[in-house]
Amino acid sequence: MTLVEAISAIQLPCKKSMELSQKRWDSIAKPLKSLGKLETTVIKIAGMIRSPQVDLKNRCVVIMCADNGVVAQGVTQTDSSVTAIVTENFTKGDTSVCVMAACAGADVIPVDIGVARDIKAEGLINLKIMYGTHDMTFGSAMSRKEAIAAIEAGINLAIRLKESGYHLIATGEMGIGNTTTSSAIASVLLHQEVEEVTGRGAGLDNEGLKRKLAAIRKAIALNAPDPDDAIDVLAKVGGLDIAGIAGLFIGGAVAGLPVVIDGFISAVSALVASRIAPACMAYMLPSHVSAEPAGRMMLDALGLEPLIICDMCLGEGTGAVAVLGILDMAVEVYTRMATFADINVEQYVDFEEQAFEKRPVCLC
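Reading the values: rules and limits
- Residues numbered from 1 in each chain as written.
- Predicted model: local features only at pLDDT ≥ 70, side-chain atom pairs only at ≥ 80, totals over all residues.
- Heavy atoms only, no water.
- pLDDT = per-residue confidence, 0-100.
- Contact = heavy atoms within 4.5 Å.
- Salt bridge = Lys/Arg side-chain N within 4 Å of Asp/Glu carboxyl O.
- Helix = DSSP H or I, 4+ residues; strand = E, 2+ residues; numbered from the N terminus.
- Buried < 20%, exposed > 50% of the residue type's maximum accessible area, 1.4 Å probe, protein only.
- Core = buried A, V, L, I, M, F, W, Y, C linked by side-chain atoms within 4.5 Å.

*Asks:* Outline the confidence of the model for the protein, listing residues and values.
*Replies:* For the protein, mean pLDDT is 94; residues scoring 70 or higher make up 96% of the total. The model gives residues 355–364 a pLDDT under 50, and that stretch makes 0 contacts with residues more than four places away or in other chains.

*Asks:* Describe in detail the pattern of salt bridges, supporting the description with residues and values.
*Replies:* Taken as a whole, this structure holds 11 salt bridges when the rule is applied. As a salt-bridge pair, Glu195 and Arg217 come within 2.5 Å of each other at their nearest N and O atoms. Placement of the pair is Glu195 in helix 8 (residues 194–197) and Arg217 in helix 9 (residues 206–223), with a sequence separation of 22 residues. Under the relative-accessibility criterion, Glu195 is labelled partly exposed at 40%. By relative accessible area, which is 37% here, Arg217 ends up partly exposed. One salt bridge connects Asp232 with Lys236, and the closest N-O pair in it is separated by 3.2 Å. Of this pair, Asp232 and Lys236 both sit in helix 10 (residues 230–237), 4 residues apart, which is roughly one turn of the helix.

*Asks:* Outline the nonpolar core, listing residues and values.
*Replies:* Taken as a class, soluble globular proteins show a tendency for nonpolar side chains to be buried jointly. Residues Val62, Ile151, Ile185, Leu234, Ile250 and Met284 are the most contacted members of the largest nonpolar core, which totals 117 residues. The element that contributes the greatest number of residues to this core is helix 11 (residues 240–255), accounting for 10 residues. Setting aside residues no more than four positions away along its own chain, Leu234 makes contact with Met142, Ala147, Ile151, Ile185, Gly239, Ile242, Ala243 and Val272.

Here is the structure:
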């Protein structure tokens, strides 16, 4: 499916399913709305999947792996060879997200969408667009055609995962230098100064942070990305991992799948996706708020509130996976708990709703 086809294929969530889900919550033998965001999240999921019968048992975390040419500017503590090493480790279960995903009952699906060298490992999906992006301080990180190809790779992967029986996708990434590209995109799309959206990434010292800030400023000045054209911004100062995750959000919306945002980089990808295909925002689920400087800004721009706040900034999909246990508990209460009718107790009355319905309406 092409990007243009995907954009036109996204449907609004099912209002009827959401209403039925709300009625189910209101019938459960507990104070109304007392589980707060857990209730509203399940209702939102019901709309996404077009059914009040919510089931999240089959889920995965997709980790888009890619290298970034800007690493040559000394913007990271390690060199780009680490991207390939960690990508291979995903297939062996030797990373933080692998351990956490095992606890959460989520499959780990690593994807090579732009690692700088070939990797032959069982379980790695090869969707490589190019061998890492170009150094954005000397020109565009990639062409517009390559950026769209990476987005479409994510779109079609999401659709295939739905066809394979998955009920939810969590997003993750791996790519040395990707907080630099994410900060560049955030600066342009949010119209913020580079310093306001840029952090130390994986532990930069003061000199490293200066180089990172200088590289982002230079790349933006040189390439002049158009803030009103998210694909242009992505191509000029972004990364293949960001493009692939943006595709997952769009493809998840096409497939009627909830897609969980991880941290800063994933949220930047979600913002890019929302600017390309605004309707896909209805299929995004927040997890945590990243400890990166622009972590909260990104969620605010998407109109989302985090479910957890743990000061995490690891990436890989760790935050997205961490929230799955909370969603499981919400679904268990939603599906298994007795209703007021079951225990012969009079149902709570929603006085706030009654007050809203009795408010005078302007007919002019």
